[in-house]
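In case you want the letters, here they are:
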Amino acid sequence: MLKYGIVVHHGSIPLNVRYWLEKFIRAGYAKLCFSTSTLIYGINMPFDAIYIDRFNFEGVTEDEKSLQMKNLLGRAGRTNAQTNKFDYGYVIIKKGSLPTFRKRFVETSQITKESVLEQPIDKLDNFDKENIQAEKNNEVIDEFTEPKTRIERLSSDEIMESVKQFIDILFFNSKSIRDEKTFSDEERTLVQNILKNIFEKYINRNMYKGELNIFKTGMTIMLWIMQGESFKRILNKRYVYLTKFNERRALKKEFETGHISLGEYMRTLSYMYVNYSATPSHIPDKKLLNVGSSFSEMNATNIDYDSIVYDTYDYIDKVVEFSMLNAYITTLSLYHKKTSDGRALSVINCLKYGSDEPKTIFLKRYGFSDEEIKIIYDNVKSVDENGIEFEDSIKNVTDEILKDKIQRYE
């Protein structure tokens, strides 16, 4: 669609792709952009006109929704590159939406002066209540930025023993973390139960069905990251699972070898639907009693690869990094503090960076992706907290985004 000047933009697009789309738009090539509410949050993507399709902006009060709408209006009319020249922006709204638009437009919007800490907490989840009460009572442990009561739960003998079991499985007879493929069924089940138990201790309640479905997928992806799988490899694994790739390949082989007819092959294929995968969302969230599938009622042969990219990116961002990671990093840190077991620090590094190798960790901290590190690894003479020193051979890199990143540190 870029050939026709049409752009699609939303928060689940990987950062590298967003970089190019936003550069494409600022260069003036985009004639039309379909966007979610991501456009509201100050992204520099100017357009002559904005069409508002619906008015269900985020926020509880009308005041909050009004502010969201006005942020969106600020995207229109900033395409003129000339200085000191008055410019126009146009806002187009759906027929029948004028009363809502007018009401929100004329409202004098204000950000609430009341702190979240002063608002009623009766209807909040246990997790949020604990955070607010700890902040009010000055009972946040600075080392972990977690409430004292949560640290006490995670420090229990039961949890510490579970962490030891987890680490013993990961490092069974080796100095590095094992590949998940080498786990026995019993080990895999034990690891899953340990991780579930730690997270439920962290949030101070059992997960609801919807949360648990999201957690299971997030946990699988988190383990892959910990074992050093790149984003590309994680995508491939999810594609094989979601599209029933192996089942379809076996079915095709049956047809090609004459065991089933073409009609039977096509009929069976038409009833193969994508495996269930809960739509990614932040957890804990007590409203998530049930969660629909990201690929509901979709035939396994029709799934769009891009949709798996977006779904996986959301899982890594919203579920693994934002919702789950701190529970395990905190618990492993407490275990290391108690036992001085260096393996715990290795697991923490692998959870954070997908590696325990110092050079890779520093390059990731400087913002390079797995794929980029593979390209530049041998061209890096040294890297530490003071900077990166490149070999002369780094000049051979041709990728535009990668060159931009390299120039920041040269």
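As a starting point, this report considers the structure included with it. (Residues numbered from 1 in each chain as written. Predicted model: local features only at pLDDT ≥ 70, side-chain atom pairs only at ≥ 80, totals over all residues. Heavy atoms only, no water.)

1. Section: the packing of aromatic side chains
Thinking step 1. Per the counting criterion, the structure on display carries 11 aromatic pairs.
Thinking step 2. When the centroid spacing of 5.4 Å and the interplanar angle of 50 degrees are considered together, the rings of phenylalanine 127 and tyrosine 202 count as tilted. Here phenylalanine 127, found in helix α4 (residues 126-136), pairs with tyrosine 202, found in helix α7 (residues 185-203); they are 75 residues apart in sequence, far enough to count as distant.
Thinking step 3. In this structure phenylalanine 127 comes out as buried when scored by relative accessible area, which is 14%.
Thinking step 4. For the cation-ring pair, arginine 150 lies above tyrosine 202, with the distance from its terminal atom to the ring centre recorded as 5.1 Å. (Phe/Tyr/Trp six-rings, centres within 6.5 Å; stacked < 30°, edge-to-face > 60°. Helix = DSSP H or I, 4+ residues; strand = E, 2+ residues; numbered from the N terminus. Buried < 20%, exposed > 50% of the residue type's maximum accessible area, 1.4 Å probe, protein only. Lys NZ or Arg CZ within 6 Å of the ring centre and 35° of its normal.)

2. Looking at the packing of helix α6 (residues 157-170) against helix α13 (residues 342-353)
Thinking step 1. The geometry of α6 relative to α13 is characterised by a closest axis approach of 10 Å and an angle of 75 degrees between their N-to-C directions. Relative to α13, the element α6 lies roughly perpendicular. Within the contact between the two elements, α6 uses Phe166, Ile167, Asp168 and Leu170 and α13 uses Arg343, Ala344 and Val347.
Thinking step 2. Residues of the contact of α6 with α13, tallied by class, amount to 5 nonpolar, no polar and 2 charged. (Axes fitted to C-alpha atoms, helices over the stretch in contact; angles between N-to-C directions. Parallel < 35°, antiparallel > 145°, perpendicular 65-115°, else oblique. Contact = heavy atoms within 4.5 Å. Nonpolar A, V, L, I, M, F, W, Y, C, P; charged D, E, K, R; others polar.)

3. Let's talk about unusual backbone geometry
Leaving glycine aside, a negative phi is the common case for residues, and trans is the common case for peptide bonds.
Thinking step 1. Looking along the chain, the bond that leaves isoleucine 283 and enters proline 284 is cis, with omega of 5 degrees.
Thinking step 2. Relative to the helices and strands, proline 284 is located in the loop between α11 (262-270) and α12 (305-339).
Thinking step 3. Phi at threonine 145 is positive, roughly 50 degrees, even though this residue is not glycine.
Thinking step 4. Relative to the helices and strands, threonine 145 resides in the loop between β5 (140-141) and β6 (146-147).
Thinking step 5. Residue threonine 145 is classed as exposed on the basis of its relative accessible area, which comes to 59%.

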